[in-house]
Amino acid sequence: MNLIFIMMDGARLDRIVNGKNYSNLIKNSTFFPKTITYAPYTIAALHAVFSGTYGHNNGVNSYWSTPKFKKNEYKTLSLYLQEKGYHTYADVINDLVLPNIGFDSFVVHDELNDDLTERHKLLLENMKTKSDQNKDFFLYLHYSNIHTGIMEQVLKKYDNFSDEYFSKKNENAKFYDTLFENADEYLGEIISHCKKLNLIENSLIVVISDHGISIGEKLGERAYGVYCYDYTLISTALFHHPSIPKKITENQIRSIDLLPTILEILSISMDSNYKPIDGQSLMPIINGSSEERIAFSQSGNPLKNKQPPKEPNVFSIRTDKWKFISNIHNNTEELYDLEVDPTEENNLINFNPDISSKLRQEMNNTLHDGKQLS
Ligand SMILES: [Zn+2]
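Analysis parameters
Residues numbered from 1 in each chain as written. Predicted model: local features only at pLDDT ≥ 70, side-chain atom pairs only at ≥ 80, totals over all residues. Heavy atoms only, no water. Donors = N, O, S within 2.8 Å, 3.2 Å for Na, K, Ca; no water. Tetrahedral: all angles 85-135°; square planar, octahedral: opposite > 155°, others 65-115°. Buried < 20%, exposed > 50% of the residue type's maximum accessible area, 1.4 Å probe, protein only. Phe/Tyr/Trp six-rings, centres within 6.5 Å; stacked < 30°, edge-to-face > 60°. Helix = DSSP H or I, 4+ residues; strand = E, 2+ residues; numbered from the N terminus. Salt bridge = Lys/Arg side-chain N within 4 Å of Asp/Glu carboxyl O. Contact = heavy atoms within 4.5 Å. Polar contact = N/O pair within 3.5 Å; in protein donor to acceptor, adjacent residues only side chain to side chain. Pairing = 2+ DSSP bridges.

K.L.:
Talk me through the coordination of the zinc ion; I want residue IDs and the actual numbers.
P.N.:
The zinc ion binds to the protein through D9 (OD), T42 (OG1), D210 (OD) and H211 (NE2); the donor distances cover 1.9 to 2.1 Å. Between the 4 donor atoms coordinating the zinc ion, the angles at the centre fall across 100 to 124 degrees, so the site counts as tetrahedral. Judged by relative accessible area, T42 falls into the buried class, the value being 9%.

K.L.:
Describe the packing of aromatic side chains, naming the residues involved and giving the relevant values.
P.N.:
On inspection of all chains with the given rule, the structure shows 20 aromatic pairs. When the centroid spacing of 5.9 Å and the interplanar angle of 15 degrees are considered together, the rings of Y22 and F180 count as stacked. With Y22 in helix α2 (residues 20–27) and F180 in helix α9 (residues 169–196), this pair connects stretches of sequence that are 158 residues apart. The same class applies to Y22 as to F180, namely buried.

K.L.:
Lay out unusual backbone geometry with the relevant residues and their values.
P.N.:
We note that N331 has phi near 60 degrees; this positive angle belongs to a residue other than glycine. Looking at the element boundaries, N331 is found in the loop between β12 (322–327) and β13 (332–337). Here N331 falls in the exposed class, since its relative accessible area comes to 72%. Even without being a glycine, E344 presents a positive backbone phi close to 55 degrees. Mapping E344 onto the fold places it in the loop between β13 and α13 (353–367).

K.L.:
Would you mind going over the pattern of salt bridges in detail, with residue names and values included?
P.N.:
In the structure shown here, the tally under the stated rule is 24 salt bridges. D177 serves as the salt-bridge partner of R15, at 2.5 Å between the closest nitrogen and oxygen. Pair noted here: R15 is in helix α1 (residues 13–16) and D177 is in helix α9, with a separation of 162 residues, a long-range link. Note that R254 is salt-bridged to D257, the shortest N-O span being 2.8 Å. Accessibility assignment for this pair places R254 and D257 in one class, buried. When salt bridges with common partners are traced through the structure, they connect R12, D14, R15, D177 and E217 into a single cluster.

K.L.:
Any chance you could break down the environment of S62 for me, citing the residues and the numbers?
P.N.:
As for its position among the elements, S62 is in the loop between α4 (55–58) and α5 (77–83). We classify S62 as buried; its relative accessible area is 2%. Residues S62 and G225, spaced 163 residues apart in sequence, show a C-alpha to C-alpha distance of 9.6 Å. Those residues within four positions of S62 in sequence are excluded, and the remaining contacts are Y41, I43, P309 and K310. A polar contact is formed between the side chain of S62 and the backbone nitrogen of W64, at a distance of 3.0 Å.

K.L.:
How would you sum up the pairing of strand β6 (residues 203–209)? Please name residues and give values.
P.N.:
In terms of burial, β6 is a largely internal element, 7 of the 7 residues being buried. In this structure, strand β1 (residues 2–8) lies alongside β6, joined through 7 bridges in parallel fashion. Opposite N2, over in β6, you have S203 as the bridge partner. The pairing of β6 with strand β7 (residues 234–240) spans 4 bridges and is antiparallel. Within β7, the position partnered with V206 by the bridge is F239.

Laid out in structure tokens, this is it:
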């Protein structure tokens, strides 16, 4: 079975569930609307997805650390598939976002000038030729144009503390909507093209977003990659194939769970020559079991600096109900009851010492592999 992996960079959950083409696809797929990303920016987010492992373990825990990916310890999705004889092809926004391992072709598009819809339809046609010659393929398509718009109209124009930007939330939201509508159109076209090429029956289609994007919710973060709040931390994942149940799972899962799930669907076993991964297959959940998974995330708040820090300085741990945040840069903590306070306005750190202490311990365990901090 082929794998068509579509990455909708920066697509927000609140828009996704209302997108015309997105919602049609969701109805016919298994959808995880609360897929907690390891990091709310592309590089570390995608290395976690491709390795099934958090960045503090796989080596990529910052904007700077792509070269530090521990490829001898963690086997990537693309390498798994390449070794199984797949033709593997990535069309990416730049050469840092994914581990460039296990790809027969790793091609960078020009996000400012390329027509990604036409480009990716052509790639599907090329892959169809492989498939007709009985060669399975893995095609990774990066939809980068939400990022392009944000880069041009937000990142280049404002800083993280711009009064002008944070005072025009409605306008920011409308601008984001136009970017998202184009993304939804793209997705619709790509899916119809898969249908037209008869790729639906013999391909697993996976559609994910890597993180959300701020429209001005919190001063200090004009886009993403600063804090660990839900408007960026919630990403999404969707699995589409005639054999996969059509359902929506409201409980949170983690982006590190995607790799083992895809491998299980494609009947590829984990390679024991590599380290055990952090993620767990979602197949039990897809098949009906209900379980809570605790999600860990990290970000790098640049504060007043122009560039992100070399090491993460904001950590969060999250259950379906609670989120505990540790700001390493100023030694503060936050606790939110996400059920009653989804926009994370009301910091309960001083009111719920038991929950805080439990989550703080959980965070330490995640970071230090079960060992106590001395
Ligand atoms: Zn991204």
